[in-house]
Amino acid sequence: WWVIGDLYAAVQISHGQECGCAEQPFCDEFHGARIAYFRKLKRYTQEELAFRASISTSYLSRIERGIYSKGVPISTLMQISKALDIDIKLLFEEKI
């Protein structure tokens, strides 16, 4: 299992400075990295979180990887944050 510091570093590496994205914290890669971070903190698998959020596992996987081409609807982010039992604003804050 990853410790919190390592997991936070993984979020920073998967987006952060290396991304070069000027849209942070509104880009899909940023949200996906945050969702993966909180999912791993809760020790949920993608399958478990997808079930709890009433979305497909493949959809969650695309969201976490930041490759959902149409952008992620706020309603989906709300479902995921509710399934993670976190405030949705945590998905938008630049620092955890």
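Structure shown above.
Keep in mind the model is a prediction, meaning the values are calculated, not measured.

> What is the right way to read the overall build of the chain from this model?
Looking only at helices and strands, the chain features six helices and zero strands. Counting only residues that meet the buried cut, the chain has 40% of its 96 residues in that class. For the chain, the share of sequence-separated contacts (at least 6 apart) that also reach a separation of at least 24 residues comes to 57%. Per element, the accessible surface of the chain, about 5800 Å² overall, is 54% carbon and sulfur.

> Got a minute to help me understand the environment of leucine 91 in this structure?
Structurally, leucine 91 can be placed in the segment after α6 (74-84). Since its relative accessible area comes to 0%, leucine 91 is described here as buried. When the C-alpha atoms of leucine 91 and tyrosine 37 are compared, they prove to be 10.0 Å apart, with 54 residues separating the residues in sequence.

> Explain the side chain of glutamate 64 to me, please; I cannot follow it from the model alone.
Within the secondary structure, glutamate 64 sits in helix α5 (residues 57-65). Judged by its relative accessible area of 11%, glutamate 64 is buried. Sequence-distant contacts of glutamate 64, defined by excluding residues within four places in its chain, comprise Gly32, Ala33, Ile35, Ala36, Arg39 and Gln46.

> What's the story with the environment of glutamate 47 in this structure? I'm lost.
Tracing the backbone through its elements, the reader meets glutamate 47 in helix α4 (residues 46-53). Residue glutamate 47 is classed as partly exposed on the basis of its relative accessible area, which comes to 48%. A sequence separation of 10 residues divides glutamate 47 from threonine 57, and the C-alpha atoms of the two residues are 5.4 Å apart.

> Sorry, what's going on with α6 here?
Owing to its 3.6 residues per turn, the α-helix brings residues three or four apart onto one side. Listed as buried for α6 are Thr76, Leu77, Ile80, Ser81, Ala83 and Leu84. The arc that holds every buried residue of α6, seen down its axis, measures 160°, which confines them to one face. Just downstream of α6, aspartate 85 is the residue with a positive phi angle, here 60°.

> I would appreciate a short explanation of the packing of aromatic side chains in the present structure.
In this description, an aromatic ring pair is defined by two values, namely the gap between the centres and the angle between the planes. For the structure shown, the criterion picks out one aromatic pair. For the ring pair tyrosine 37 and phenylalanine 38, a centre distance of 5.0 Å and an interplane angle of 75° mean the geometry is edge-to-face. There is no split in this pair, since tyrosine 37 and phenylalanine 38 are both buried.

> Just to check I follow, could you spell out the packing of α4 against α5 for this structure?
Each pair of packed helices can be described by the angle between their axes along with the distance between the axes. Orientation of α4 relative to α5, taken along the N-to-C sense of each, is 110°, at an axis distance of 8 Å. The angle between α4 and α5 places the two elements in the roughly perpendicular class. Counted together, Gln46, Glu47, Leu49 and Ala50 of α4 and Thr57, Leu60, Ser61 and Glu64 of α5 form the full contact between these two elements. Within the contact of α4 with α5, the residues separate by chemical class into three nonpolar, three polar and two charged.

About the thresholds
Residues numbered from 1 in each chain as written. Predicted model: local features only at pLDDT ≥ 70, side-chain atom pairs only at ≥ 80, totals over all residues. Heavy atoms only, no water. Helix = DSSP H or I, 4+ residues; strand = E, 2+ residues; numbered from the N terminus. Buried < 20%, exposed > 50% of the residue type's maximum accessible area, 1.4 Å probe, protein only. Contact = heavy atoms within 4.5 Å. Areas by Shrake-Rupley, 256 points an atom, 1.4 Å probe, with all protein chains shown as cover. Arc of directions from axis to C-beta. Phe/Tyr/Trp six-rings, centres within 6.5 Å; stacked < 30°, edge-to-face > 60°. Axes fitted to C-alpha atoms, helices over the stretch in contact; angles between N-to-C directions. Parallel < 35°, antiparallel > 145°, perpendicular 65-115°, else oblique. Nonpolar A, V, L, I, M, F, W, Y, C, P; charged D, E, K, R; others polar.

All we've got here are geometric facts, nothing functional implied.
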